[in-house]
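# Overview (structure and organization)
Chain residues, written in single-letter form:
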2 protein chains.
Amino acid sequence: MDKKVTIYDLAALLKVSPATVSRGLNNHPSISDSTKKRIHTIAKEQGYRTNKFAANLSKQKSNTIGVIVPRLDSYFMSTVLAGIEQVANKVGYNLIISQSLESEEKEKINARTLLNSGVDALLVSLANETKDYEHLKNYTSRKIPLLFFDRVFNLPNCPTILIDNRAAGYEATTHLISQGCSNLLHISGRLNRSVYKERFEGYKEALQAHNIPFDDTNLLETDLDSTKIKTTIEYIKNSNVKIDGLFISSDNYAANCIKELQKQGYQIPRDIKIIGFNNDPVSEIISPNLSTIEYPGHKMGVLAGESIIAHLNGTINLQSTNSILLRHQLLERESTQKTI
Amino acid sequence: MDKKVTIYDLAALLKVSPATVSRGLNNHPSISDSTKKRIHTIAKEQGYRTNKFAANLSKQKSNTIGVIVPRLDSYFMSTVLAGIEQVANKVGYNLIISQSLESEEKEKINARTLLNSGVDALLVSLANETKDYEHLKNYTSRKIPLLFFDRVFNLPNCPTILIDNRAAGYEATTHLISQGCSNLLHISGRLNRSVYKERFEGYKEALQAHNIPFDDTNLLETDLDSTKIKTTIEYIKNSNVKIDGLFISSDNYAANCIKELQKQGYQIPRDIKIIGFNNDPVSEIISPNLSTIEYPGHKMGVLAGESIIAHLNGTINLQSTNSILLRHQLLERESTQKTI
DNA sequence: ATTAGTTATGCAACCGATTGCGTAAAAAAA
DNA sequence: TTTTTTTACGCAATCGGTTGCATAACTAAT
């Protein structure tokens, strides 16, 4: 009972043409309600399911959205994906998800694969490594909508969704300063990614605004990979001046730093005050609770999904909206508390 | 310069038939090496990319694997997905991922959508709610391979990948007992999911093996949703006997319990020893470090991906392999340490 | 009754690659 | 040289919907 039923079968049963069946199934206005009803009824009865392959081929669209993220196994990304999936699913779009693992090479391959797979749109959060954007221009040149989120890049006609990282960096830094820190270190992700670059710039501006001199030792560029905590800790210990404030671009990394610093005898926040970024669950689990910047991942995903779908539906024109900024928020917790 | 190039275009350029071009592109043996070379050369030159819609239609397969998970924004799931993606991507399979959000209804819709989308195989981790499996029988009846991981169910011809949850539950419980606990409480997920059921049974067996009586108060069935910690804590506080050991089926939930218990004045592990499950990152961030059962998510994903792909390639026959058990491991950390 | 205007449907050409079957040409065997 | 085999390729049907254009049937207007 499970052979494939086609519109031809239905057409034969109803003694109408396949074209009529097709239109009926798609609620085309020029089909009478009565035959529409007959078509739908028999379709259900026969267990008809439209062959997407055929439909895709003739319509040249797939109802599928491609997503490329640096890694799937990051809490932040998984919340973004959950948001995207939720809205995509609701309106019947599928999501093809792939990860670049921070490799430009893999990102290129993924982009190509997704292009070949005929995705209707692409959502991208860039790999750390990526410096060249030709693989994405293939999309824009074919008029396939392309949207960046979080790890963005300014490509013509490609909207971006992110938070105001510069302002967030500024706020985080100012917060540290207002809590009494004067020898700050910013532990950043790769600066070729604008998210990190901008946080860093906010950091620098905040220092400047408070007349705190900045030099290269006040910045540590890392890839925020927890396996390399030791090096970071060494850097802090060997610093010429006694560092008393850390602004770390990732909660997860920050939490690991706290653990390790504590192991080395540091008291947080007494010796060093620390603020992270993202409001990852670990920030509330760690002792002391980690001050951080709330980064609304799920909301970002929802917005990214909604935007791209609205654009595909022609409801809005993304080209005109070039950049959507989400609201972030400073969360003051124990790790930056003043100690007497 | 970016109109679509088809095999017909190439055929015209080379003055051969489209069939030859198709075969040449696919390295069919009956095409001479010389023409193959010519075909590949001109294909590259013209920027030809095969139209997957057409290829899918005629081959009736999509090179796509569907995945349904309860939620995307869980650390464990994201590691599994990362594993699946890694192997799928390597061999050119796409992944369509959707989440059921623990709803049977959504799971059904997702299953149907993926079926319509023509996935070549389906990987499923069941929603808590799911009690009926008709939506999955659609796959088996069409000979579309179906594999369960983690939240499994025993469906004919559907292999499962998981750990030995009963043994893990037994070990976790035994560990608590050996650390001196005698009034245990198991905080479980929904028992209609076999993962939780089996952990619970391992727990019961361990109690029995150590002559510790079990009654219903020694079990708290929850949905392991962190927003409902309070209720759980109340349960512990209001217990008639003083609970001194907790076996919690989720690290994340366990970590939140620890925080809350500490807030209420409990000392961990002095007053209550706690063991979690999963070896989530939070387990090493929380103070005290959480003892737990290592659950190899990434490995599970890799294995699930490899299995299903090998089966699709005809390399192995999954029907014969009915169940793959991954090795778990008890990790003894601070939260179950003996106190003097 | 005739013309104009609707409405409901069918025809047939796509969409682009795949593949079973047939055959000309070239190589090998007789 | 003739026959048999092999090699290399082309023909044409197929996969299952979609859609522009034509048309028959019916209603409304003149």
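Here the residue numbering is sequential within each chain, running from 1 through the sequence in written order. Whichever chain is written first becomes A and whichever ligand is written first becomes 1, with later ones labelled in order. It should be noted that, the model being predicted, local features are given only for residues of pLDDT at least 70 and side-chain atom pairs only at 80 or more, the latter also being counted only at that level, while totals for whole chains, interfaces and linings use all residues. The side-chain figures draw on all heavy atoms in the structure; neither hydrogens nor water molecules are used.

Both copies of the chain are tied together by a single rotation about an axis and a shift running along it. With an RMSD of 0.1 Å, the operation that places chain B on chain A is a rotation of 180 degrees combined with a shift of 0.0 Å along the axis. The two molecules are tied by a two-fold rotation axis, judged by turn and shift. Residues of chain B ranked by C-alpha distance from the rotation axis are headed by Ile96 of chain B, positioned 2.3 Å from it. C-alpha atoms of residues with pLDDT of at least 70 in both copies form the basis for the least-squares superposition of the copies.

Should any heavy atoms of two residues lie within 4.5 Å, those residues are counted as being in contact. Counting residues at the interface gives 51 residues for chain B and 51 residues for chain A. By definition, the buried area sums, over both parts, the 1.4 Å-probe accessible area that each loses when the two are put together. In total, about 4,500 Å² of surface goes out of reach between chain B and chain A, with carbon and sulfur atoms giving 53% of it. For chain B, the biggest contributors to the area lost against chain A are Arg49, Phe53 and Ile285 of chain B; these three give 19% of the whole. Within this document, salt bridges are pairs made up of a side-chain nitrogen of Lys or Arg and a carboxyl oxygen of Asp or Glu, the two lying within 4 Å of each other. Counting across the chain B and chain A interface gives one salt bridge.

We now examine the packing of helix 1 (residues 7–14) of chain A against helix 3 (residues 33–46) of chain A. Residue and element names in this part refer to chain A. Packing of helix 1 against helix 3 leaves a shortest axis separation of 10 Å and a crossing angle of 120 degrees. Considering the angle they form, helix 1 stands oblique to helix 3. Considering how the two elements wind past one another, helix 1 and helix 3 form a crossing that is right-handed. When helix 1 is examined against helix 3, the residues Leu10, Leu13 and Leu14 are found in contact with a partner set consisting of Arg38, Ile39, Ile42, Ala43 and Gln46. Residue polarity follows a fixed list, in which Ala, Val, Leu, Ile, Met, Phe, Trp, Tyr, Cys and Pro are nonpolar, Asp, Glu, Lys and Arg are charged, and the others, Gly among them, are polar. Its residues assigned to classes, the contact of helix 1 with helix 3 comprises six nonpolar, one polar and one charged. Structural elements are reduced to axes, namely lines fitted to C-alpha atoms, with helices fitted over the stretch in contact, and the angle between N-to-C directions of any two is expressed from 0 to 180 degrees. Secondary structure counts use DSSP, requiring at least four H or I residues in a row for a helix and at least two E residues in a row for a strand, with both numbered from the N terminus. Just so you know how the angles are binned, under 35 degrees is roughly parallel, over 145 roughly antiparallel, 65 to 115 roughly perpendicular, and the rest oblique. Crossing chirality is assigned from the near helix's rotation relative to the far helix, an anticlockwise turn below a right angle marking it left-handed and a clockwise turn marking it right-handed.

Nearness of a residue to a molecule or strand requires only that one of the residue's heavy atoms be within 4 Å of it. Taken together, 30 residues surround DNA strand D, and among them Ile7 and Tyr8 of chain A together with Thr20, Arg23 and Ser32 of chain B come closest. Of everything in DNA strand D that lies within 4 Å of the protein, sugar and phosphate atoms constitute 58%. Identification of polar contacts relies on pairs of N or O atoms within 3.5 Å, with a donor-acceptor requirement for protein atoms, meaning one able to donate a hydrogen and the other able to accept it, and with residues adjacent in sequence counted only if both atoms are side-chain atoms. Between DNA strand D and Ser58 of chain A, the relevant distance is 2.8 Å, taken from a sugar or linking oxygen to a side-chain nitrogen or oxygen of the residue. Interatomic distance of 2.7 Å between a backbone N/O atom of Ser32 of chain B and a phosphate oxygen of DNA strand D. If one sorts the elements of the surface near DNA strand D by residue count, helix 4 (residues 52–59) of chain A sits on top with five residues. For the surface near DNA strand D, the residue count by class is twelve nonpolar, twelve polar and six charged.

Packed helix pairs are specified by the crossing angle of their axes together with the interaxial distance, meaning the distance between the axes. Residues and elements named next belong to chain A. Viewed as axis vectors pointing N to C, helix 10 (residues 229–237) and helix 11 (residues 251–263) meet at an angle of 60 degrees, and their least axial separation amounts to 10 Å. The orientation of helix 10 with respect to helix 11, classified from their angle, is oblique. Considering the relative orientation of helix 10 and helix 11, their crossing is right-handed. Seen from helix 10, the contacting residues are Ile229, Lys230, Thr232 and Ile233; seen from helix 11, they are Tyr253, Asn256, Cys257, Glu260 and Leu261. The residue makeup of the contact of helix 10 with helix 11, split by class, is five nonpolar, two polar and two charged.

Turning our eyes to something else, we now look at the side chain of Glu104 of chain A. Residues and elements named next belong to chain A. Here Glu104 lies in helix 6 (residues 104–116). At 3.0 Å, the side chain of Glu104 and the backbone nitrogen of Asp132 are in polar contact. For Glu104, the contacting residues outside a window of four places in its chain are Glu129, Thr130, Lys131 and Asp132.

Once that is clear, we can look at the packing of aromatic side chains. Residues and elements named next belong to chain A. Side-chain rings of Phe, Tyr and Trp (the six-membered ring for Trp) are treated as a pair once their centres are within 6.5 Å; stacked means planes under 30 degrees apart, edge-to-face means over 60, and tilted covers the remaining angles. In the structure shown here, the tally under the stated rule is 16 aromatic pairs over all chains. Taken together, a centroid distance of 6.3 Å and an interplanar angle of 90 degrees make the contact between Tyr203 and Phe214 edge-to-face. Within this pair, whereas Tyr203 is found in helix 9 (residues 194–209), its partner Phe214 is found in the loop between helix 9 and strand 7 (219–221), the two being separated by eleven residues in sequence. By relative accessible area, which is 0% here, Tyr203 ends up buried. Remark: exposure states derive from per-residue accessible area (1.4 Å probe, protein chains only) relative to the maximum for the residue type, with buried under 20%, exposed over 50%, and partly exposed in between. Of the residues examined, Phe214 reaches a relative accessible area of 28% and is grouped as partly exposed. What links up through ring pairs into an aromatic cluster is the set Phe76, Phe200, Tyr203, Phe214, Phe247, Phe277 and Tyr295. A cation over a ring is seen here: Arg199 above Phe277, with NZ or CZ 3.6 Å from the ring centre. Only when the NZ of Lys or the CZ of Arg is both within 6 Å of the ring centre and within 35 degrees of the ring normal is a charge said to sit over the ring.

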